[in-house]
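Summary of structural features
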Amino acid sequence: EEGRLQRLLDVEAALARAHAKVGNIPAAAATLVAAKANTRAVTVDRVKELEEQTRHDIMAVVLALSEACDKDAARYVHLGATSNDISDTATALQLRDAIRVLTDDLKELRGVLVSLAKKHRKTVILGRTHGQAAVPMTFGLKMAVFATETDRHLERLRQVETRVVVGKVSGAVGTGAALGDKALEIQKIVMEDLGIQAEEASTQIVGRDRYAEFVMVLANIAGSLDKFCTEVRNLQRTEIGEVAEAFEERQVGSSTMAQKENPVISENVCSLARVVRGFVIPALENVPLWHERDLTNSAAERIILPHACVLVDDMLAKTANVFRTLRVYPDRMRANLEATKGQAMAESVMIVLVGKGLGRQEAHRLVQRAAGEAREKSVHLRAVLASDAKVAKLLNAKDLDAALDPDRYLGKSTEIVDHIVTRLGA
């Protein structure tokens, strides 16, 4: 509350200075207003008292600031402004600061993921699609994918900042009439003073499409964190067991099942992501307001803007810590790959057969039949392929072993990881 109040006062001070600069008010009055525009002279408690009387939050700030000034300076407080000139511009200052925090958070997470990608660039893991065994990949590549996704969110935040960190001083319906002939100059001076951009053409408020876009970016970030932490949760399943969240010495997984080590932080992130995504609808519904504005956006914004920022900040910090302290089990990754009994190498065999002259479709049918037979008999795919006359004609035992070797079928995994590590830094 104190931080919000200070930003409101910062805008009032900038407005007074702008009026003085264009000659609308005495410079001494502007200096005094600016000197009193702080939360020592204008306290949260006094503003709350006045708000109870006026039932108007910005008017309470204006009255409290006027009380703190002498009569000559007080008469110029809030001159020519409407409430949203102050509140929307203060919100822009808050959003600017929030974006800086979130940017630092994203950079921290990106660095953690890049480090994991570098460390495990050659750690072989079973790739999975539809929840089933696909083909081999590396754990480093999986982390590189997450790192590049995080990097895209940094880019989105940079792009959205220019459209979100926008204020206005243009009066009741955007004409600037109450500010006089130098209204546009006053707005320009205020925004330059505060270091933000001005809304080019406004109603009584800054366009809410801006806030909607920002909330959607935060929801997108939350979606990625949900994705990353869902992967941890899945890989920590008992039957998979390839990674696990850190588990402290005195931590308890269950009050009754003493063996449990649950991925509770990842689950917390996934749970909070649902809340953040839920803010998108009210943010979009705040865009269409009556004429030059109504008040239906106000209550929702007081919830969704601060909560979305705070929750995503919290989720980013938690996710970074999950991956920073992640327990990784390469031996289990290898064991799970081998447990497929060669099924995960079916594509590799098909490609080798094509290289030996067999048509692609015929090779696919041959390997598909062999894989099905191997599953029915619960034997290794190699055994079925080795007994197939057509395969034996094209592949000797050495060729077949090579085609079924996961380490030989990682494609450009390490090259991709090395590129990402170099580009994003480790």
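A few points on the structure. (Residues numbered from 1 in each chain as written. Predicted model: local features only at pLDDT ≥ 70, side-chain atom pairs only at ≥ 80, totals over all residues. Heavy atoms only, no water.)

Focus: the packing of helix H6 (residues 83–119) against helix H9 (residues 208–235)
Contact pair H6 / H9: the axes reach a minimum separation of 12 Å and the direction vectors enclose 20°. Overall, the two elements H6 and H9 adopt an arrangement that is roughly parallel. Considering only the axes of H6 and H9, their crossing is left-handed. Here H6 contributes Asn84, Asp88, Thr91, Leu95, Ile99, Leu102, Leu106, Leu109 and Leu113 to the contact with H9, which in turn contributes Arg208, Tyr211, Phe214, Leu218, Ile221, Leu225 and Phe228. (Axes fitted to C-alpha atoms, helices over the stretch in contact; angles between N-to-C directions. Helix = DSSP H or I, 4+ residues; strand = E, 2+ residues; numbered from the N terminus. Parallel < 35°, antiparallel > 145°, perpendicular 65-115°, else oblique. Left-handed = near helix turned anticlockwise from the far one by under 90°. Contact = heavy atoms within 4.5 Å.)

Some thoughts on the side chain of Glu301
One can find Glu301 in helix H12 (residues 298–324). Of note is the side chain of Glu301, whose polar atom sits 2.7 Å from the side chain of Arg208. Excluding residues within four positions of it along the chain, Glu301 makes contact with Arg208, Tyr211, Asn286 and Pro306. (Polar contact = N/O pair within 3.5 Å; in protein donor to acceptor, adjacent residues only side chain to side chain.)

Quick word on the side chain of Asn297
With respect to the helices, strands and loops of the structure, Asn297 is situated in the loop between helix H11 (280–285) and H12. Among the polar contacts listed, one links the side chain of Asn297 to the side chain of Arg293, at a separation of 3.2 Å.

Here we look at the environment of Lys318
Considering the arrangement of structural elements, one finds Lys318 in helix H12. Taking C-alpha positions, Lys318 is 7.3 Å from Val269, a pair spaced 49 residues apart along the chain. Beyond its immediate stretch of four places on either side in the chain, Lys318 contacts Ile265, Asn268, Val269 and Leu272.

What about unusual backbone geometry?
One non-glycine residue, Arg55, lies in the positive phi region at around 55°. Tracing the chain through its elements places Arg55 in the loop between helix H3 (44–54) and helix H4 (57–68). Classification of Arg55 as exposed rests on a relative accessible area of 76%. Unlike most non-glycine residues, His130 shows phi in positive territory, near 55°. Along the chain, His130 falls in the loop between strand S1 (124–129) and strand S2 (132–138). (Buried < 20%, exposed > 50% of the residue type's maximum accessible area, 1.4 Å probe, protein only.)

As for the packing of aromatic side chains
Under the defined criterion, the tally for this structure stands at two aromatic pairs. By way of ring pairs, the aromatic residues Phe146, Phe228 and Phe323 are connected into one cluster. (Phe/Tyr/Trp six-rings, centres within 6.5 Å; stacked < 30°, edge-to-face > 60°.)

Quick look at the pairing of S1
One ladder, built from five bridges, connects S1 with S2; its direction is antiparallel. Across the sheet, residue Ile125 finds its bridge partner in S2, namely Met137. As consecutive antiparallel partners, S1 and S2 are separated by two residues, and within that stretch His130 has a phi angle of approximately 55°, a positive value. (Pairing = 2+ DSSP bridges.)

Concerning the packing of H9 against helix H10 (residues 264–278)
Running from N to C, H9 and H10 point in directions that differ by 155°, and their axes come no closer than 8 Å. Compared by their axis directions, H9 and H10 come out roughly antiparallel. H10 is crossed by H9, and the crossing has left-handed handedness. Between H9, through Leu218, Ala219, Ala222, Gly223, Leu225, Asp226, Cys229, Thr230, Val232 and Arg233, and H10, the contact on the second element is made entirely by Ser266, Glu267, Val269, Cys270, Ala273, Val276 and Arg277.

Topic: the state of the cysteines
A covalent bond between the sulfur atoms of two cysteines is referred to as a disulfide. Going through the model one piece at a time under the given rule, you end up with zero disulfides. Among the cysteines around Cys270, which has no disulfide bond, Cys229 carries the closest sulfur, lying 5.4 Å off. Cysteine Cys309 remains unbridged, with the sulfur of Cys229 as its closest cysteine sulfur at 19 Å. (Disulfide = S-S within 2.5 Å.)

Here we look at the pattern of salt bridges
Counted by the stated rule, this structure contains 32 salt bridges. Of the charged contacts in the structure, one is a salt bridge between Arg324 and Glu108, with a shortest N-O distance of 2.6 Å. Taken together, the residues span a long stretch of sequence, with Arg324 in helix H12 and Glu108 in helix H6 at a distance of 216 residues. The class for Arg324 is partly exposed, based on a relative accessible area of 43%. Put simply, Lys356 and Asp399 hold a salt bridge, and the shortest N to O gap is 3.9 Å. In this pair, Lys356 sits in the loop between helix H14 (346–355) and helix H15 (360–377) while Asp399 sits in helix H18 (residues 397–403), placing the two residues 43 residues apart along the sequence. Given a relative accessible area of 24%, Asp399 falls into the partly exposed group. Members of the salt-bridge network, linked through shared partners, are Arg7, Arg96, Asp97 and Arg100. (Salt bridge = Lys/Arg side-chain N within 4 Å of Asp/Glu carboxyl O.)

Overview of the nonpolar core
Counting 111 residues, the largest nonpolar core has Phe139, Leu157, Val190, Phe214, Ile221 and Phe323 as the members making the most contacts within it. Those residues within four positions of Ile221 in sequence are excluded, and the remaining contacts are Leu106, His153, Leu157, Val312 and Leu316. Counting 20 residues, the second-largest nonpolar core is a separate cluster that includes Ala346, Ala370, Leu385 and Ala403. (Core = buried A, V, L, I, M, F, W, Y, C linked by side-chain atoms within 4.5 Å.)

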